[in-house]
Amino acid sequence: MEYYSKQISDLIGELSSLPGIGVKSAQRMAFHILHMPKDRAKSLAEAILSARENVQFCKECFTLTDREICPICASKKRNKKVIMVVEDTRDLVAYEKVGKYEGVYHVLNGTMNPMQGIGPNDIKIKELFERLSKEDVEEVIIATNSTTEGEATAMYITKLIKPSGIKVSRIASGVPVGGDLECIDEVTLLRALEGRQEL
Ligand code: ZN
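Thresholds, definitions, all that
Residues numbered from 1 in each chain as written. Predicted model: local features only at pLDDT ≥ 70, side-chain atom pairs only at ≥ 80, totals over all residues. Heavy atoms only, no water. Pairing = 2+ DSSP bridges. Helix = DSSP H or I, 4+ residues; strand = E, 2+ residues; numbered from the N terminus. Salt bridge = Lys/Arg side-chain N within 4 Å of Asp/Glu carboxyl O. Buried < 20%, exposed > 50% of the residue type's maximum accessible area, 1.4 Å probe, protein only. Arc of directions from axis to C-beta. Contact = heavy atoms within 4.5 Å.

Asks: How should the pairing of strand β6 (residues 167-170) be read in this particular structure?
Replies: One face of the sheet, then the other: side chains in a regular strand alternate in exactly this way. Sheet analysis places strand β5 (residues 139-142) next to β6, joined by four bridges and oriented parallel. By the bridge assignment for β6, Glu139 is matched with Lys167. In the sheet, β6 pairs with strand β7 (residues 197-198) via two bridges, with the strands oriented antiparallel. Looking at β7, one finds that Arg170 is bridged to Gln197.

Asks: For this particular structure, what's the right way to read the pattern of salt bridges?
Replies: Any two side chains of opposite charge can pair if their charged atoms end up close together. Counting across every chain of the model gives 12 salt bridges. Glu60 is the salt-bridge partner of Lys80, the closest N and O atoms lying 3.4 Å from each other. Of this pair, Lys80 sits in strand β3 (residues 79-86) while Glu60 sits in the loop between β1 (56-57) and β2 (64-65), and the two are 20 residues apart along the sequence. Among the residues examined, Lys80 registers a relative accessible area of 32% and is labelled partly exposed. Owing to a relative accessible area of 25%, Glu60 belongs among the partly exposed residues under this scheme. As a salt-bridge pair, Arg90 and Asp88 come within 2.7 Å of each other at their nearest N and O atoms. Judged by relative accessible area, Asp88 falls into the buried class, the value being 18%.

Asks: Is there a simple way to think about helix α6 (residues 125-134) in this case?
Replies: In an α-helix, one full turn covers 3.6 residues, which means residues spaced three or four apart are oriented alike. Taken together, the buried positions of α6 are occupied by Ile125, Glu127, Leu128, Arg131 and Leu132. Taken end-on, α6 shows its buried residues confined to a sector of 160 degrees, consistent with a single buried face. Exposed positions of α6 whose direction lies more than 90 degrees from the buried face are Lys126, Ser133 and Lys134. Here the buried face of α6 lies against β3, β4 (103-107), β5 and α7 (148-161).

Asks: Explanation requested: helix α1 (residues 6-16) in the structure shown.
Replies: Of the positions making up α1, those classed as buried are Ile8, Ile12 and Leu15. Burial along α1 is one-sided: seen end-on, the buried residues are contained in an arc of 65 degrees. Along α1, the residues that are exposed and aim more than 90 degrees away from the buried face are Lys6, Gln7 and Glu14. At its buried positions, α1 is contacted by α2 (23-35).

Below, the structure is given as structure tokens:
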């Protein structure tokens, strides 16, 4: 038996498919939306559509941006000889908030995860090596999370870069194991960056 009308159950269903949102939270959100003034609900829906429509990968670093080349890659002030490899745009933002890093980034948009069938070709690893072959890069800092997947991805990339003679370093393990980079405070991130070790 359907307790809610179809539109309400559809809305709850869509919301509960989002990461970290269980059915109870989805119900709460759905009812919050249903009680919103109509123009607020409209602007929420439009924000989702417009972000999905206009946000794309930066052609150089593969972060999510609404431009062809993101502001970091486009900046003349950034040192393009140092590339920090991060898992996703949220990690890039975490480092940018620290405000001490002057190099550029490469955003993998995931990590290798054999258990889920995610291999090196499913994330932006090939694109990293294309950059390394075209640009004059002195150091690659690997800043993937210290989860099993993050470490495996770091090892995989290191092995491939080593023969090229480009310096490879890994952020210090001040970052708690299993910790998402974006949740870590700025001091810890800065310490992890400054204490990076050459591999
Ligand atoms: Zn970029």
